[in-house]
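What follows is the residue order along each chain.
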Amino acid sequence: MRARILLMALSWLMPVLVQAEPTRVVTADGAITETVYRLGMESLLVAVDTTSGFPEETQSLPKIGYLRALPFEGVLAMRPDVLITSEQAAPQDNLDRLVKAGVQVETLPMAWTPEASLERIVAVGDILHARPQAEALVTELSSKISRVQQDAANRVKRPRVLFILAAGNHSVMLAGQGTAASALLDTVNADNAVTAIQGYKPASREAILASQPDAIVIAESTPGQFDINKWQELAHLDAWKSGHHMVADSMLLLGFGPRLPEAMDALNRVLPSGSAVVNDDS
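1. Focus: the side chain of asparagine 192
You can see asparagine 192 is positioned in strand E7 (residues 191-192). In terms of polar contacts, asparagine 192 uses its side chain to reach the backbone carbonyl oxygen of alanine 175, at 3.0 Å. A polar atom in the side chain of asparagine 192 sits 2.9 Å from the backbone nitrogen of valine 194. Other than its neighbours up to four places away in sequence, asparagine 192 contacts Arg160, Val161, Ala175, Gly176, Gln177, Ser182 and Leu185.

2. Some details on the pairing of strand E5 (residues 160-166)
Most of E5 is tucked away, with six of its seven residues classed as buried. Bridge analysis of E5 against E7 gives two bridges, and the strand direction is parallel. Bridging from a neighbouring strand, arginine 160 pairs with aspartate 191 of E7. Sheet topology places E5 next to strand E9 (residues 215-220); six bridges connect them, and they run parallel. Bridging across to E9, phenylalanine 163 finds its partner in valine 217.

3. Some thoughts on helix H2 (residues 30-38)
In terms of burial, H2 is largely enclosed, as eight of its nine residues are buried. For H2, every residue scored as buried is listed here: Gly30, Ala31, Ile32, Thr33, Glu34, Thr35, Val36 and Tyr37. In this fold, the buried residues of H2 make contact with strand E1 (25-28), strand E2 (45-48), strand E3 (82-86), strand E4 (104-108), helix H5 (114-127) and helix H11 (250-254). For H2, the N-terminal capping position is held by aspartate 29, with its side-chain oxygen 2.9 Å away from the main-chain nitrogen of alanine 31. Glycine 40 sits one or two residues past H2 and shows a positive phi near 75°.

4. With respect to the packing of aromatic side chains
This model, assessed by the stated rule, comprises zero aromatic pairs. Residue placement shows arginine 259 over the ring face of phenylalanine 54; its charged tip is 3.7 Å from the ring centre.

5. Structural notes on the sheet that holds E3
Spatially, the four strands line up as an open sheet ordered E2-E1-E3-E4, and their pairing is parallel. The outermost strands of the open sheet, each flanked by one partner alone, are E2 and E4. This sheet shows a mean twist of 20° between the axes of neighbouring strands, independent of strand direction. Judged from the three bridges that link them, E1 and E2 form a sheet pairing that is parallel. What sits directly across from threonine 27, in E2, is valine 48. With respect to the sheet, H5 is in contact with E3 and E4, its orientation differing from that of E4 by roughly 170°.

Cut-offs and rules
Residues numbered from 1 in each chain as written. Predicted model: local features only at pLDDT ≥ 70, side-chain atom pairs only at ≥ 80, totals over all residues. Heavy atoms only, no water. Helix = DSSP H or I, 4+ residues; strand = E, 2+ residues; numbered from the N terminus. Polar contact = N/O pair within 3.5 Å; in protein donor to acceptor, adjacent residues only side chain to side chain. Contact = heavy atoms within 4.5 Å. Buried < 20%, exposed > 50% of the residue type's maximum accessible area, 1.4 Å probe, protein only. Pairing = 2+ DSSP bridges. Phe/Tyr/Trp six-rings, centres within 6.5 Å; stacked < 30°, edge-to-face > 60°. Lys NZ or Arg CZ within 6 Å of the ring centre and 35° of its normal. Axes fitted to C-alpha atoms, helices over the stretch in contact; angles between N-to-C directions.

Scope: geometric values only; no functional claims are made or implied.
Encoded structure:
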């Protein structure tokens, strides 16, 4: 498994246009920003978007706005050589205007698998002329991912997990099929407990009670956003009462960035121990 992931990442067929080494970089995607830091290239960053809150050092950088509503003037004012973002970036008109203004705009694919996550690291490394650092990071992360997946592969039964997103304005959403949340569950051999929903939908108390999950995961967009006291239906579920639940940062869990092994491991550990065979050397 480790060799397969590493090979796919290092032989990614999507070419990145060779450009002069950038000196002023703007990133608009939290996972991409994290990658720049893990590659040791953060000195090039002149601004980031509002999804970029990790590591803590990002707080001192200018914010250009939200990934899905990037302002042309706000980005251009940073005088970047390159804007590195993902296919979630919008509006496209502003991205096109930035290209016409002389900014190298690199739009990377979404990464909802370990393989795609590692491929994206290599792509960022190529853009920043940091291929050796990217290859070293991929090797490190590939090993960690493989260890978690080996443990998860021993699972006798795929547990059902209720995944909830606590987002802005105190809204609580159920993560259904076709989401990064569901993709993360798949990495550790687990199933989404909500099968009738596509995407993220407002949480209904009826749906929560009907899900009957083996574990519960709460992804918070800001720390402390989710209040279990306001969702007694969750507190009454067996999974919550038995301690098979976790609350964590949404970018950690859903970003599929360099912290993916950490997210997978945390999720794997919250699953009922009886549903997997534990390796003595894990």
